[in-house]
Each structure stands twice: as C-alpha cells, then as structure tokens.
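Read off the chains here:
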Amino acid sequence: MRVPLSWLREYVDLPATETGRDVQAKLISAGLEVETVEPLGADLKGPLVVGQVLTIEELTEFKKPIRFCTVAVGTANGTGEPQEIVCGARNFAVGDKVVVVLPGAVLPGNFAIAARKTYGKTSHGMICSGDELGMGDDGSGGIIVLPPEVEVGTDAIELLQLVDEVLDIAVTPDRGYALSMRGVARETAIAYGLPLRDPALLDVPAPNAFGYPVQVSDPMGCDRFTARTVTGLDPDAHSPIWLRRRLQKAGMRPISLAVDITNYVMLELGQPLHAYDRGRVQGTIGVRRAEQGEKLTTLDGVKRTLNAEDLVITDDRGPIGLAGVMGGANTEIDDTEGTTTEVVVEAAHFDAISIARTARRHKLASEASKRFERGVDPQAASAAAQRTVDLLVLLAGGTADAGVTEVIAPSAPHSITIPANHPDKVAGVDYGRETVVRRLQQVGCDVYGQDELIVTVPSWRPDLTDPNDLAEEVIRLEGYENLPSTLPKPPAGLGLTDRQRLHRRVGRALAGAGYVESPNYPFMGEQVLDQFGLADDDPNRKVVKLVNPLSDEEPALRTTLLPGLLQALRRNDGRGSHDLALFETGLVFHPRAELRIAGRLPVDRRPTDEEIASLTAALPVQPRHAAVVLAGAREQAGWWGKGRPADWADAIEAARILAREAGTELLVRSGQYGPWHPGRCAELSVVVDGTQRVVGHAGELHPRVLKALGLPARTCAMELDLDALEEASSGHPKGPKISTFPVATQDVALVVDKAVPHADVEAALREGAGELLESIRLFDEYESEQLGGDRKSLAYALRFRADDRTLTVDEASAARDAAVALATERTGAVLRGA
C-alpha cells in the first residue's frame, strides 16, 4: 500500500515538521512494515509553469515529425513574450494548456534545462510529459494537456502536487485494514495520540424500495450488497488533477472519471467498488455461484470458463462480473464512445476464502481481490457507496437517484472475553487494566467489565478472534521496543541431550573429513522418489503433505535427505564447482499410523507433560538422519601425485566416521536399494538389543538416477539414521587406551569364495584373535585364474598389543592362528599358499 503523506494529513493533523521518515518510524513501532519512504520531486527545481500553445510550425525536413511551437507563459520568463520551444510530441494542439519547463530549471534525474539549438531552431525550454516530471503513467501517452480553466503562468509544481513523500507499506495478510488510507490514518493517529477524521463517517440515506433491484442467492458468499444509481452524468467529464495525482502516487493509473472515482474510494476506505453502465445492465442484479463451465469475458478481455465454486454477479443474461475480483466486459463503462450517462454503483462484502480461491483459480489477482481476501470492513459498504455517489455528483454533474438498495444477511458482532491482566502475562510486563482498556478502545473495540473484560471487536478487524490477538494489540501499541530483554533461567544440571551432542559431533567430524555442510529446505516432490526407483511399497513413499505448501512442485515433507543434497550438488556442478563433498544432518518425516489433531498449548503457563506428550503424538515421526554426496575428485592432482576421484568407498568411510562418533560398530555388507548401483551399494547395519538392524546405505548411484537428475557421472552418496546409531551405541565414546609396549604385526592372506562378504571374514578374524587384537585392516584384494574363477584372496594386517607386557612371537602367532581357524570354520577360508 502506497500512502502519500499529503493525503494522510487530511485525516490526521500531523505536526508540520514531521517528515515521511518520522511517520515511518512511528508506524514501524506500531507493527506496520513500512519498507521505504519515496521522496517525490526532491530534486525538482523550477521555473515550471502552465503555458498555452499559441502557434505550431511543422518541421518536415527531418526523419521524424518535429514541431516548432510558441507558448505563452505569462511573466514566468521575465519578459512576458511567448516562449519558443521545439517538441516532438503530437498529442496537443493550438490553444491547449501544457506544462512548460523554462531554462534554469532542473527536472528529476538531475536533468538541467537550458536554451539549446536543435533541428535548426533554438528551443528555450521544454513542453513536459508525465514521465519527464516523475509522475508515472498518466494514461495520456505523451504531453500533459491541462484543463482549459487553468491560468497561464500558474506554478505547475504546486498545481500537479509534484513534491510529496510516499510511504510504501508491506501489508501482512492479517492486517487488511491497512490497505486503505482510513486504516493507515487510524494507526497514525494512535501512534501520535491525535484525533482521527474518519472518512467513513458520512450521512447515508436509509434503504428503500426504490433502489435498483438486487437478488442475493448466496448469503454465505455475499452477506452485504449495496447498490446506488447516479443519472445525468456528463460523458465528457474528466478526472480533475488532484484525483489523478493521488491515484498515481498510490500506484494506480488514471483511466476514466467513473473508474477513477471507484478506485479512489477503494484506496480511501478500503472497500472495493464497481460501477456498471446502467444502459448495459439488463434486469435484476444477482449474486450466485457460477454454473460449471459457464463463460464470462472479464475487463482484461480474457474469456474465462467458470467453476461451480466461483461467486459471480449476474443480470438477466447471465454473469456480468467475477465477484470481488473483476467486472465483466459486457457492462463496462466505455469512455471512448462517451455515451455513459447513468451508472449503478456496487459496494458489496464477499467471503474472503471464496474470493481468494477464485483469484488463484483464474490466476487473476486484482486490487479488489487483494483486499477482500485479507478482510474488508462490511460496515463500510454503505459509506463507500455514498462517497462514490457524492464524487460522481460533484465531478460529473450527475444526480443521485433517491433509491437505495441494501441486502444484508443478519450477523452479530464478535465479542471476546479476556482477563484484564492477560496482556501482562503474555508480555511479562505490568500494563494495568487502564492501559489495556485504553489501547483496545483506540483500536476500535468496545470494552466492558473490570477484572474480566468483554471486548466487542470492530467490524474492520476480522483478524481479532481470541484473547491472544487482543494481547498482541496492547503489546504492539505500547511498543515492542519497550519489552524488557530477560534471559530465561533454566534449572541447574541440564545441558545438551545425548542426541544433541551426537548431532554436533557428527557435524564436526564430517567437516573435519573435508565435507561442506549444505542445509536444505525440508520439502520435496514425490516425483523424485520415482526417479530414485523406489519400490511401490517402500516406506519412504508414504509422505506427509502440506496443506499450504510454499511450492506446488514440492508439496510434501522429505522422507530422505538425498533430494535436497543432490539438488545442491547439481546446482554447484552447473556453476563450475566440479569437485564436491557435501553433507547434511536433519530431520526426515514419516506419517503416523493413526492421525491425531494437535491441541492448542496455553501461553499463560508452562504446558503440562501430558499436554506436550499429546502434541508430540499428533506430529509426524521425525528421526534425524545424516547424508553425504560426492562427485569429482576426492584427492586433488598435483606435483605430489595424480590424485583420485571420489568413489563408493569414500561414501562408506563417511558412514564409518559417523559410527565411530556414536561409539558403535557398523556392519557393512553388499546390498541393493533404490537409487544406488546394485553392484556398488553397501547395506549399513547395527546391532540393537541383539538384533541386526539396517540403518542406511552407501555407495555409487545408479546411472539411471544420474541421468534423471542431471548429476555428474559416478556420483556417490550415503544416508543413515542417526537416531538408530545412538540407540545402538554403548554410551559416550571412550578414548583409546595407550600402551607403552610395542605392537606386533601379523599379516594373513585368506582365499574365500567371491560370494563371501569381507565383513563376515573380518568379523570372524576379530572374534578369533581375542583381546590381544588392537586393530585389523584389509589392505589387498586379489583375483586370478590360479585361485579359480570363483575365488578371491583377502589380505589383512592384524596388530596385536598387550597393556602390561611385550608380546612374544609365539603369543602373536597363536592369536593369529586362532583368528584364521575361526575364519576357516565360519567362511571356508583357506590360507593362501597353504
């Protein structure tokens, strides 16, 4: 909402010294988001005057039409002689009054005006258009032609109101009243403690049986409809300068007198209106739901197919307007023909949800729909219609018809019961009953009672629905900046939970291993699960969908971290960063088997454990996951070596890092799942309560997935469940024991079937070696025809060490032999070369 300061002063007697910046600060303190203050004409310098065109000489020897004009400017040029000016515009004629800027003036953009020779003539100034004066689009498409009654030599800066300040307010959805000068003026009056001249306080005649016939068939969609008729309009009447300028400053383009007046009243009172050419309306005006497939051509010239939920305005022929959004072309006031002498003014109140859905369904956002969907004062309809009639009579010479039509669905004012000290409890500040009552009355509420207040909400504030809304009004008007900054005092002995500590350790460990954290939005589209190749019955396909998603392409909460991470990897790769190692830790979401409705927690006390548990039970299951993605080089090439690309082993090692941080043992074996390559996918498991549980997967992604998502070749990924890791851990990780005695190293090469997993061989060796084993590492895998086509050799380095002595060769060899024996028993391994 653009608010000219000069217009605002009509309703509030602001001090003359107050600037737009001062008003901005006051309104921001009151809770309105004033984004900018635009100074108009700040760099404009006269002389800028009204002139009258005396002669026009057409210069035809140039490529484009040029005119050499003489213009009378009175005594503004110091001589009283006509001013000679060269101009290329053609939308004015001899005798027209125009705006002339004389030498010595400066136009917006620091454009200095001086006499100069051009097209073989000397031009002493310039005839101005609206754009050149910073007025914006005035609808003329060229030179400003002023009304004939304006006197020559008049100061055009004052006449055109070129110097002003405009406040640009970003109106939030709950403050629809601020989309009007009336609403902003009320907030300004409260902020300054000044009286408000309410423009809606008009004498409105009572409804009678002589008004234009109206039939409302859907009182839920339209609970109020006011119709007034004005006859005898001058079809040649034009909007006065002051009206056009106010519309331009507010960001609207002047169109015609009747349309300009309805737009002006909408900006002034916040009530959208529509004016119909009475001669083009046939029969009774009606309000009903559209019939499915019904057609309507709106004012923008688009023929629209209507939905059965659309609310429409009709006459005897059918729809003549999309209620609350845009009128129809068949009843438009056409000023190009100059035949409209009678108009019917509509001021109605429509259901906010219905209008919002209609505007989105037809992709037709308008100034009217923007206001209706945020909430319009239903009590302002009669005043808005009266104000429109008064302006039509004043500016177009019309006569107000005696008939007044009002169709009203009965409704009671909304009242809220609130303890007088409720705002005190919410804010932690002792305001007192007197302050609470005073602030609520300033908003427009009627307040009764002592310790328990009964508050009747004003009609222009549909957002006030419960005690907390009223508390917010008191707090914001008293000033958010006056709230004390008090740190909460947590009970002693509490700190981070084990889950939080693990989360932080995991992030530090992955960052230390060279990964870069890449947080993503927790939303995804279900089509990515198809691209991942997940089975139809995969649990990750059961998603929680948002009622009001930020993007229609991502309407669900994620069940895996990979879509966001892979999108980040693709974006960075596309911008030239090809060697990537990204990670993310965050929540994923799974629906509960039983759907529950969350209750509302109190704000005046701490919720009980039962209330918190009930709220938690209504939320989706939210385990914390960790994931990494890799592409390009894992080790850079240079003088030190050739480097190497990232591969599936790096993804598995990232999982091992997380397991070490959790203090648990990770079991790695060959697997097959979703987006991973079936031959390069590791299944990650842990043991929980004696049962092996799969907690994730790691490896290289399938080429089909890479192609579908536009990812680099050989991209690798890992994802696992951190909560499951924590559950499997034995507590906090313990530091390693450091022995002062030397290590004894024994190498062993075992030949096994290719189908035997390395993990099974390692587990057998580890168990057989006993307590003396410090570590085990696979350092070679070998296959050849000598071993047999279905056999492979696995070479391990075993490190033995005792805490209290130096091991002998016999002790180390005995431990190695025991390890080999158990591996032979469990996996059929044979010592290579034996």
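Heads up: the structure comes first, above all this text.
Nothing here was measured: the structure is a model prediction, and the numbers come from that model.

*Asks:* Would you mind showing me how to read the overall build of the protein here?
*Replies:* Check the secondary structure of the protein and you find 21 helices and 42 strands. Expressed as a percentage of its 834 residues, the buried residues of the protein come to 47%. Summarising the internal contacts of the protein: among those between residues at least 6 apart in sequence, 70% fall at separations of at least 24. Only carbon and sulfur atoms are counted for the fraction: they give 51% of the accessible area of the protein, which is about 41100 Å². Between the centroid of the 89 positive side chains of the protein and the centroid of its 119 negative side chains there is a distance of 4 Å.

*Asks:* Just checking my understanding: could you explain the side chain of Thr331 for this structure?
*Replies:* Checked against the element boundaries, Thr331 lands in the loop between strand 22 (326-327) and strand 23 (343-350). Exposure remark for Thr331: the relative accessible area of 0% places this residue in the buried category. Not counting residues up to four positions away in its chain, the partners in contact with Thr331 are Tyr276, Asp277, Arg280, Val281, Arg317 and Ile320.

*Asks:* Just to check I follow, could you spell out unusual backbone geometry for this structure?
*Replies:* One can expect most non-glycine residues to show negative phi and most peptide bonds to be in trans. Positive phi outside glycine occurs at Lys363, with the angle close to 50 degrees. Mapped onto the fold, Lys363 is located in the loop between helix 7 (352-361) and helix 8 (367-372). The phi dihedral of Asp689 falls on the positive side, at around 55 degrees, and the residue is not glycine.

*Asks:* Just to check I follow, could you spell out the packing of helix 2 (residues 20-29) against helix 4 (residues 181-192) for this structure?
*Replies:* When two helices pack together, their arrangement is given by the angle between the helix axes and the distance between those axes. Following both chains from N to C, one finds helix 2 and helix 4 inclined at 90 degrees, their axes separated by 9 Å at the closest point. Classed by the angle they form, the pair helix 2 and helix 4 counts as roughly perpendicular. Packed against helix 2, whose contacting residues are Asp22, Val23, Lys26 and Leu27, the element helix 4 presents Val184, Glu187, Thr188, Ala191 and Tyr192 at the interface.

*Asks:* When you look at the sheet that holds strand 14 (residues 214-216) in this model, what are you seeing that I'm missing?
*Replies:* Sheets are built from strands paired through backbone hydrogen bonds, the pairs being either parallel or antiparallel. In spatial order, the strands read 14-17-20-21-22; together these five strands make up an open sheet with mixed pairing. Either end of the sheet is taken by a strand with one partner, and the two such strands are strand 14 and strand 22. As paired strands, strand 14 and strand 17 (residues 285-289) are joined by three bridges and run parallel to one another. Across the sheet, the residue bridging to Gln215 is Gly286, located in strand 17.

*Asks:* Help me understand the layout of surface pockets in this model?
*Replies:* The method is simple in principle: a probe with the dimensions of a water molecule rolls over the atoms, and the space it marks as empty is what remains. Taken as a whole, the largest pocket encloses approximately 1500 Å³ of empty space. If you go around the largest pocket, you meet 36 residues; those closest to its centre are Glu665, Arg766, Leu773, Glu774 and Ser775. Among the secondary structure elements, those contributing two or more residues to the lining of the largest pocket are helix 17 (648-662), strand 35 (667-670), helix 20 (758-769) and strand 40 (773-782). It is helix 20 that provides the largest number of residues to the lining of the largest pocket, a total of seven residues. Residues belonging to the lining of the largest pocket are distributed by class as follows: 12 nonpolar, nine polar and 15 charged.

*Asks:* Sorry if this is basic, but what is going on with the packing of aromatic side chains here?
*Replies:* The geometry of an aromatic ring pair is captured by two quantities: the separation of the ring centres and the angle between the planes. Applying the stated criterion across every chain, the model contains seven aromatic pairs. Both rings, one in Trp242 and one in Tyr264, keep their centres 5.5 Å apart while their planes meet at 80 degrees; by these two values the pair is edge-to-face. A residue pair is termed long-range when its members are at least 10 positions apart, and Trp242 in helix 5 (residues 241-249) and Tyr264 in helix 6 (residues 257-269) qualify at 22 residues. By relative accessible area, which is 29% here, Trp242 ends up partly exposed. Clustering of aromatic rings is evident, with ring pairs tying together Trp7, Trp242 and Tyr264. Above the ring of Trp460, the side-chain terminus of Arg186 is found at 4.0 Å from the ring centroid. Its guanidinium or amino end placed over the ring of Tyr515, Arg634 lies 4.7 Å from that ring's centre, counting from NZ or CZ.

*Asks:* Looking at this model, I keep getting lost on helix 4. Mind explaining?
*Replies:* Between its first and last C-alpha atoms helix 4 spans 16 Å; for 12 residues at 1.5 Å apiece the expected length is 16 Å, and the two agree. Along helix 4, 11 of the 12 residues are buried, which leaves the element largely enclosed by surrounding structure. All of the buried residues in helix 4 are Met181, Arg182, Gly183, Val184, Ala185, Arg186, Glu187, Thr188, Ala189, Ile190 and Tyr192. Just past helix 4, the residue Gly193 takes up positive phi, approximately 70 degrees.

*Asks:* Looking at this model, I keep getting lost on the sheet that holds strand 24 (residues 399-408). Mind explaining?
*Replies:* Read across the open sheet, the four strands follow the order 16-23-15-24; overall the sheet is antiparallel. Across the chains shown, the open sheet's two edge strands, defined by having one partner strand only, are strand 16 (274-277) and strand 24. Taking the axes of each pair of neighbouring strands and ignoring which way they run, one obtains an average angle of 20 degrees across the sheet. As paired strands, strand 15 (residues 222-231) and strand 23 are joined by eight bridges and run antiparallel to one another.

*Asks:* Is there a simple way to explain the pattern of salt bridges in this structure?
*Replies:* A side chain of one charge can pair with a side chain of the opposite charge when the charged atoms of the two come close. Enumeration according to the criterion identifies 55 salt bridges in this entry. Among the salt bridges present, the one from Asp13 reaches Arg197, with a minimum N-O distance of 2.9 Å. Of this pair, Asp13 sits in the loop between helix 1 (5-8) and helix 2 while Arg197 sits in the loop between helix 4 and strand 14, and the two are 184 residues apart along the sequence. By relative accessible area, which is 39% here, Arg197 ends up partly exposed. Ionic pairing is found between Glu187 and Arg476, a salt bridge with its closest N-O pair at 2.9 Å. Of the two residues, Glu187 sits in helix 4 while Arg476 sits in helix 12 (residues 467-478), which places them 289 residues apart along the sequence.

*Asks:* Whenever I open this one, the pairing of strand 5 (residues 83-87) confuses me. Can you help?
*Replies:* The side chains of a regular strand alternate, first on one face of the sheet and then on the other. The buried fraction of strand 5 amounts to four of the five residues, a majority that puts the element mostly inside the structure. Here strand 4 (residues 66-72) pairs with strand 5 via five bridges, running antiparallel. Bridge pairing in strand 5 links Arg67 to Cys87.

Here is what the cut-offs are and how they apply
Residues numbered from 1 in each chain as written. Predicted model: local features only at pLDDT ≥ 70, side-chain atom pairs only at ≥ 80, totals over all residues. Heavy atoms only, no water. Helix = DSSP H or I, 4+ residues; strand = E, 2+ residues; numbered from the N terminus. Buried < 20%, exposed > 50% of the residue type's maximum accessible area, 1.4 Å probe, protein only. Contact = heavy atoms within 4.5 Å. Areas by Shrake-Rupley, 256 points an atom, 1.4 Å probe, with all protein chains shown as cover. Lys, Arg positive; Asp, Glu negative; His and termini not counted. Charge placed at Lys NZ, Arg CZ, Asp CG, Glu CD. Axes fitted to C-alpha atoms, helices over the stretch in contact; angles between N-to-C directions. Parallel < 35°, antiparallel > 145°, perpendicular 65-115°, else oblique. Pairing = 2+ DSSP bridges. 1 Å grid on protein atoms, 1.4 Å probe; cavity = no way out; pocket = protein on both sides within 12 Å on 5 of 7 lines; lining within 4 Å. Points joined across faces, edges and corners; volume = space filled by probe spheres on them. Nonpolar A, V, L, I, M, F, W, Y, C, P; charged D, E, K, R; others polar. Phe/Tyr/Trp six-rings, centres within 6.5 Å; stacked < 30°, edge-to-face > 60°. Lys NZ or Arg CZ within 6 Å of the ring centre and 35° of its normal. Expected span 1.5 Å × (residues − 1). Salt bridge = Lys/Arg side-chain N within 4 Å of Asp/Glu carboxyl O.

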